[in-house]
Amino acid sequence: MISLGDADYFYDEIFGILDNGDNSHRKKLIRLYDIFREFTDILLINDSRYFSNYYSMLVYIIDKYSIDKDTTEKILRFRSFASSFKRDSKRKISEKNINFGISALTGFIDFFIDIKGNYDEAAEKIRKFRKRALELDAHLPDFQPRETVTSDFIRAACIDKLTIDSGSGVPEDALLVCTDSNDSIMLLLDDYWREVKQYTKKGSIINLLNVAPVGSKGDYPCYRLTSHSFIIFEPDYLVDVTEIAECFVNSGSNKYIYLFSRFMMPESKYSLLKGNIVNSYLDQLVSDIDTAFDDAYEYAVRQKPVSLFALAVNRPHEAQKLKQESESHFLNIRNAIIELGYSDIVIEPTFMSPKFGIQGRLDLLAIDDGGNSKNVIELKSGKAPDKDYSITIGGKLRVKTGVWSNHSAQTSAYNLLLDSAYPDRGGSSGILYSSVEKDNLRNQPNILANKREVIKLRNWLVAIDYALGNDAGLMLRYMLKDTTVSALGGFNAEDLNSFSRGYLGMDDITREYFEKFTAFIAREARTAKAGEGGQNGRACQASLWLMAPEEKANSYNIISGLALDTEKSDFVNYHIAFLRNGDNSIISNIRRGDIVIIYPADENYDITGNQVVKGYIKEINNKEILISLRNKQIQKELFSLYDTWSIESDTSDSISKKLYHSLFTFCTANAHKRDIFLGLEEPEFGEVKSHSSNELNSQQNELLGRALASRNYFIIQGPPGTGKTSRMLK
């Protein structure tokens with residue numbers, strides 16, 4: 001229950017919206033939705049439970065407080081139509097829609113207060129609010145949801161996991177889900193997708209593609225899965241394509257490669273540096289096919305001076321042969337580009353797909369046939385398989401591809417990204433193996449079965465991340481007991497053995513620290529990507545497509561109304577300058593050094609239906625913003641197509657990857673140093689000499705003397721302004 005004071009505040013806010021004649025219906029709806037979120041946050045203010053999305057939080061509240069069926073129906077319907085309308089600025093919102101929202105919210109609040117027998121001022125005021133709500137014309141709104149229940153695409157939240165009678169006496173697994181239009185349907189799981197039931201929880205969001213209606217069971221319409229169906233678990237949690245591809249091996253795939261490999265620190269290998277240099281050749285040759293090899297090599301090594309220096313120090317013989325070996329790759333790439341003959345080539349375009357729950361950056365996108373044909377080409381500098389090499393798909397099907405399994409999976413995932421961005425797209429996909437002179441461009445057939453395998457594995461990776469955040473120790477021990485992991489070979493076996501030795505060799509305190517910190521990193525990464533149901537207004541990657549522009553502005557997560565400054569922009573170095581107009585807020589959470597996404601401020605522009613432009617903030621003030629683009633191959637003409645632009649903060653997977661690497665390195669480091677950092681060893685001191693400084697008081701001088709006498713470490717604690725930095729360190 002809530003206090004009458006809290007109830008009075010929310011009623012005031014709600015009816016203040018009704019009485020404000022200046023705001024549009026759209027602004028009123030968005031404010032109602034904000035109040036809705038604020039109220040649910042109050043209900044769970046003392047609950048530390050994590051919610052992956054707002055719907056799962058609502059389901060929890062409904063169960064926790066046993067909210068009646070009529071109130072439940074109204075608040076779920078309000079959530080549904082408000083979410084649909086606020087994401088689509090072109091949808092018309094009627095007065096009846098607003099009245100229904102007010103009626104639903106006041107009924108929701110009423111459930112949590114009791115004023116029977118109470119006639120004080122606050123109670124009487126609440127009675128007046130209730131009377132006004134009853135007088136509103138507040139029937140269920142007549143609206144068409146953005147994503148209707150069709151067999152092609154359904155976005156839904158899991159209500160329950162079921163085992164039902166199939167009619168033949170054989171139990172059948174099913175999910176009961178609530179769609180975005182607030183319709184409950186039953187999804188019958190087949191053998192291929194049955195595993196989804198293992199990790200789907202009540203409130204989990206799923207996307208359903210190409211499912212077929214098959215009548216009904218009880219009160220629920222039923223849908224079955226076909227050979228063309230997809231289930232995407234928590235689709236707003238985008239997984240990088242390369243991380244999915246790395247889990248594919250010659251015999252199929254293994255989801256645990258994703259888990260143990262994240263703790264392994266990447267080495268400065270010769271093959272890795274050569275791959276970076278060869279990729280630079282591709283970029284340069286696409287820009288200028290007449291680029292000379294010596295110039296291309298010099299430019300490439302200037303981009304990786306530290307890696308080249310490390311290689312020269314540790315393996316000088318490999319550094320000496322780098323230029324010679326990479327020249328053949330340069331020539332093979334140039335010949336391949338000439339033979340392809342594409343006039344429009346985009347280097348390293350980035351795409352995001354909340355439809356399939358993936359994101360990635362292609363090496364090369366070749367556009368032909370007036371833009372209708374979009375062809376994927378991935379460059380690989382490593383050893384090429386035999387032209388007749390076959391891969392296993394789904395554990396059964398052998399398909400002759402001439403490419404390695406992980407490369408096949410990568411191109412299949414990129415095809416899914418392009419399917420999502422360009423539904424009517426035609427074109428091919430292939431792997432360019434630059435290590436061979438002939439037959440080096442291997443076509444990768446756009447096989448549906450391979451795409452389904454990619455999404456099936458992607459779902460497991462999301463489930464692993466969620467489980468890791470809940471109990472890292474349990475997840476890691478479960479992995480090490482899995483027989484499929486022990487059967488891995490090659491580099492994966494080496495990494496697995498390194499992790500196993502390190503993890504099992506930790507003492508109890510260090511292992512507990514490692515597990516708790518791992519879970520913390522996983523939760524932080526999860527919140528940065530998909531947000532958390534109870535965090536109203538907090539930006540995450542999914543805010544890009546889940547939040548309305550007004551919501552982003554209200555929470556200072558967007559800077560809009562930017563105009564390109566062509567005079568100050570440096571298109572040679574891809575430093576883009578924007579002028580801030582007087583209409584956009586000066587207050588923003590975006591700061592210098594932040595990674596941002598740049599897109600046209602046009603209501604018809606689909607952010608995830610186009611190439612995603614990213615950069616980082618070099619300079620920002622109240623008048624202008626300077627952004628350095630990450631993709632140095634983006635055409636200048638793109639910025640002349642639109643008058644105004646918006647920027648939003650983006651997340652980077654590299655941060656969490658570095659944290660995982662560093663944590664494992666620390667926990668497997670020298671025991672003495674590790675124990676010092678963990679506070680398991682007390683500081684050791686030599687002779688403490690008196691220290692006198694006119695800039696320090698007597699206590700600070702004493703502490704400084706002890707700190708200088710410490711043989712290992714010394715901790716100085718104190719509140720802000722006590723001189724820790726300004727005095728002691730100086």
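Basis of the calculations
Residues numbered from 1 in each chain as written. Predicted model: local features only at pLDDT ≥ 70, side-chain atom pairs only at ≥ 80, totals over all residues. Heavy atoms only, no water. Helix = DSSP H or I, 4+ residues; strand = E, 2+ residues; numbered from the N terminus. Rg over C-alpha atoms; globule rule 2.2 N^0.38 Å. Buried < 20%, exposed > 50% of the residue type's maximum accessible area, 1.4 Å probe, protein only. Contact = heavy atoms within 4.5 Å. Areas by Shrake-Rupley, 256 points an atom, 1.4 Å probe, with all protein chains shown as cover. Lys, Arg positive; Asp, Glu negative; His and termini not counted. Charge placed at Lys NZ, Arg CZ, Asp CG, Glu CD. Phe/Tyr/Trp six-rings, centres within 6.5 Å; stacked < 30°, edge-to-face > 60°. Lys NZ or Arg CZ within 6 Å of the ring centre and 35° of its normal. Axes fitted to C-alpha atoms, helices over the stretch in contact; angles between N-to-C directions. Left-handed = near helix turned anticlockwise from the far one by under 90°. Nonpolar A, V, L, I, M, F, W, Y, C, P; charged D, E, K, R; others polar. Core = buried A, V, L, I, M, F, W, Y, C linked by side-chain atoms within 4.5 Å. Pairing = 2+ DSSP bridges. Parallel < 35°, antiparallel > 145°, perpendicular 65-115°, else oblique. Salt bridge = Lys/Arg side-chain N within 4 Å of Asp/Glu carboxyl O. Expected span 1.5 Å × (residues − 1). pLDDT = per-residue confidence, 0-100.

Our focus in this paragraph is the overall build of the protein chain. If you tally the helices and strands in the protein chain, you get 25 helices and 23 strands. Taken against the 2.2 N^0.38 rule, which gives 27 Å for 730 residues, the C-alpha radius of gyration of the protein chain at 29 Å falls within 12% of a compact globule. The 730 residues of the protein chain split such that 51% are buried. Taking contacts inside the protein chain between residues at least 6 apart in sequence as the whole, the part at least 24 apart equals 69%. For the protein chain, the accessible area works out to roughly 35,400 Å², and carbon and sulfur atoms hold 48% of it. For the protein chain, the distance from the average position of its 89 positive side-chain charges to the average position of its 100 negative side-chain charges is 2 Å.

Backbone geometry at N210 places phi at a positive 60 degrees, although glycine is not the residue there. Within the fold, N210 resides in strand β4 (residues 205-217). Overall, the relative accessible area of 32% leaves N210 in the partly exposed class. Non-glycine residue E348 carries a positive phi angle of around 50 degrees.

This model, assessed by the stated rule, comprises 46 aromatic pairs. Centroid distance F39 to F108: 5.2 Å. Interplanar angle 75 degrees. Geometry classified as edge-to-face. One end of the pair, F39, is in helix α2 (residues 25-43); the other, F108, is in helix α5 (residues 95-110), with 69 residues separating them in the sequence. Grouping aromatic residues by their ring pairs yields a cluster made of Y9, F10, Y33, F36, F39, Y65, F78, F81, F100, F108, F111 and F112. Directly above the ring of Y258 sits R262, whose terminal nitrogen or CZ lies 4.5 Å from the centroid.

On to the packing of helix α1 (residues 4-19) against helix α6 (residues 121-135), then. In the contact formed by α1 and α6, the axes pass within 10 Å of each other and the chain directions differ by 35 degrees. Regarding α1 and α6, the two cross each other, and that crossing is left-handed. The residues of α6 that touch α1, namely those facing L4, A7, D8, Y11, D12, F15, L18 and D19, are A122, A123, K125, I126, F129, R130, R132 and A133. Residues that form the contact of α1 with α6 fall into these classes: 10 nonpolar, no polar and six charged.

Membership of the largest hydrophobic core comes to 81 residues, with the highest contact counts inside it found for L187, I231, L259, F263, L476, F499 and F514. If you tally residues by element for this core, the top one is helix α15 (residues 448-470), at 10 residues. Excluding residues within four positions of it along the chain, L187 makes contact with D173, A174, L175, L208, V211, Y223, L225 and I231. Among the nonpolar cores identified, the runner-up in size contains 50 residues, and L44, F85, I98 and F100 belong to it.

Taken across its five residues, strand β12 (residues 364-368) has four buried, putting it largely inside the fold. Looking at chain direction, strand β9 (residues 344-347) and β12 are connected through four bridges and run antiparallel. Paired with I347 across the strands is L364, a residue of β12. Of the pairings in the sheet, the one linking β12 to strand β13 (residues 373-380) comprises five bridges and is antiparallel in character. Looking at the pairing, L364 lines up with I377 of β13.

It is worth spelling out the packing of helix α16 (residues 472-481) against helix α19 (residues 508-530) at this point. Pairs of packed helices are described in terms of their axes, by the angle between the two and the distance that separates them. Two numbers describe how α16 lies on α19: the axes approach to 8 Å, and their chain directions differ by 105 degrees. Of the possible angle classes, the one that applies to α16 and α19 is roughly perpendicular. Here α16 contributes A472, G473, L476 and R477 to the contact with α19, which in turn contributes F514, E515, T518 and A519. Its residues assigned to classes, the contact of α16 with α19 comprises four nonpolar, two polar and two charged.

Next up on the list: the sheet that holds strand β5 (residues 220-233). The five strands are arranged β1-β2-β3-β5-β4 in a closed barrel whose pairing can be described as mixed. Taking each pair of neighbouring strands and ignoring which way they run, the sheet shows an average axis angle of 45 degrees. Across nine bridges, the pairing between strand β1 (residues 153-165) and strand β2 (residues 171-179) is antiparallel. Of the residues in β2, the one forming a bridge with D165 is P171.

Tallied over the full model, the rule gives 30 salt bridges. Two residues, E243 and K657, come together in a salt bridge whose shortest N-O distance is 3.5 Å. Residue E243 is found in helix α8 (residues 241-245), and its partner K657 is found in helix α22 (residues 653-667); the two are separated by 414 residues along the sequence. Where K568 meets E624, a salt bridge forms, and the shortest distance between an N and an O atom there is 3.0 Å.

Another aspect to go through is the pairing of strand β11 (residues 358-361). In the case of a regular strand, side chains alternate between the two sheet surfaces. Here two bridges tie strand β6 (residues 239-240) to β11, and the two strands are oriented parallel to one another. Paired with V239 across the two strands is I358, which belongs to β11. Two successive antiparallel strands, strand β10 (residues 350-353) and β11, enclose a turn made up of four residues, where G357 displays a positive phi of approximately 75 degrees.

For the rest of this paragraph, the subject is helix α3 (residues 54-65). Spanning 12 residues, α3 covers 17 Å between terminal C-alpha atoms, matching the ideal 16 Å at 1.5 Å per step. Among the 12 residues in α3, nine count as buried, and that is most of the element. Those residues of α3 that are buried lie in contact with α2, α4 (69-87), α5, β1 and β2. Immediately downstream of α3, the backbone of S66 shows phi near 50 degrees, a positive value.

Attention shifts here to the side chain of D565. Along the chain, D565 falls in the loop between β18 (558-564) and β19 (575-580). Within the buried core, D565 has no salt-bridge partner, and the shortest N-O distance to an opposite charge, that of K568, equals 4.9 Å. Non-local contacts of D565, meaning those with residues more than four positions away in its chain, are made with A577, F578, L579 and E624.

Bringing the sheet that holds β10 into the picture now. Taken in spatial order, the three strands make up an open sheet running β6-β11-β10, and their pairing is mixed. One side of each edge strand has no neighbouring strand; the edge strands of this open sheet are β6 and β10.

This paragraph deals with the confidence of the model for the protein chain. For the protein chain, per-residue confidence averages 86 on the pLDDT scale, and residues scoring 70 or more make up 94% of the total. At the level of individual helices and strands, the protein chain shows its lowest average pLDDT in helix α12 (residues 305-314), which scores 71, and its highest in β6, which scores 97. In the predicted structure, residues 142-150 sits below a pLDDT of 50 and forms 21 contacts with residues beyond four places in sequence or in another chain.

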